[in-house]
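# Residue-level structural notes
Below are the chains, spelled out letter by letter.
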Amino acid sequence: MTMALNLNKNLKLYYSIKEVAEMFGVNESTLRYWETEFPYLKPKTSGPAKIRQYQQKDIDQIKLIHNLVKVRGFKLAAAKRIINANRDGANKRAEVLTKLIDVREQLQALKKQMDYLQ
């Protein structure tokens, strides 16, 4: 039995605020607040109700903010300074962390399959 890696995980173009909040385990109000604190985080809005539609680029920004604030424990002001001072470096660290988490999940799934075969 072989395990196929899903290389096209992000096939969706737009995500709702609820979906994004669930991805990161935060409240929708937290995402709205981060939008006020981080000016480059601007999801598309549509319709008279201004429904937020997050694209992958917005989710990547949220990953970076989430990593600094929720995972590493920085205050918002410190996270802003880090991002502004070293945007590329902070992005790369967040990407590496995300890839490591993905690899861990794939290894755990593989281990479950191996345990099942024994």
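Here the structure is a predicted model, which means the values were calculated and not measured. (Residues numbered from 1 in each chain as written. Predicted model: local features only at pLDDT ≥ 70, side-chain atom pairs only at ≥ 80, totals over all residues. Heavy atoms only, no water.)

### Considering helix α3 (residues 56–71)
We apply this condition: Here the bend at each residue means the angle between axes fitted to two seven-residue stretches, the one ending at that residue and the one beginning there. Helix and strand definitions here come from DSSP, where helices need a minimum of 4 consecutive H or I residues and strands a minimum of 2 consecutive E residues; each element is numbered from the N-terminal end.
The sharpest bend along α3 measures roughly 25° and falls at I65. At the C-terminal side of α3, G73 shows a positive phi close to 85°.

### Focus on the environment of K12
Selection criterion: Each residue gets one of three labels from its accessible area relative to the maximum for its type: buried under 20%, exposed over 50%, partly exposed in between, using a 1.4 Å probe on protein chains only. Here a polar contact is taken to be a pair of N or O atoms separated by no more than 3.5 Å, where protein atoms must pair a possible hydrogen donor with a possible acceptor and residues adjacent in sequence count only if both atoms sit in side chains.
Relative to the helices and strands, K12 is located in the segment before α1 (17–24). Taking relative accessible area as the criterion, K12 reaches 40% and is therefore assigned partly exposed. A distance of 2.3 Å separates the side chain of K12 from the side chain of E19, its partner in a polar contact.

### Here we look at the packing of α3 against helix α4 (residues 76–85)
Which entries qualify depends on this criterion: Geometry is summarised by axes, namely lines fitted to C-alpha atoms with helices restricted to the contacting stretch, and by angles between N-to-C directions that run from 0 to 180 degrees. Put simply, angles under 35 degrees are roughly parallel, angles over 145 are roughly antiparallel, angles from 65 to 115 are roughly perpendicular, and the rest are oblique. Crossings are assigned a handedness: left-handed for a near helix turned anticlockwise from the far helix by less than a right angle, right-handed for a clockwise turn. Contact definition: two residues touch when any of their heavy atoms are within 4.5 Å.
Two elements in contact, α3 and α4, have axes separated by 9 Å at closest approach and are oriented at 130°. Considering their axes alone, α3 and α4 lie oblique with respect to each other. Between α3 and α4 lies a crossing whose hand is right-handed. In this structure, α3 uses L64, I65, L68 and V69 to contact α4, whose residues at the interface are L76, A79, I82 and I83.

### Thoughts on helix α2 (residues 28–37)
For the record, the criterion: The directions from the helix axis to the C-beta atoms are what the arc is built from.
For α2, every residue scored as buried is listed here: T30, L31, W34 and E35. Buried residues along α2 cover an arc of 145° about the axis, so they all sit on one side.

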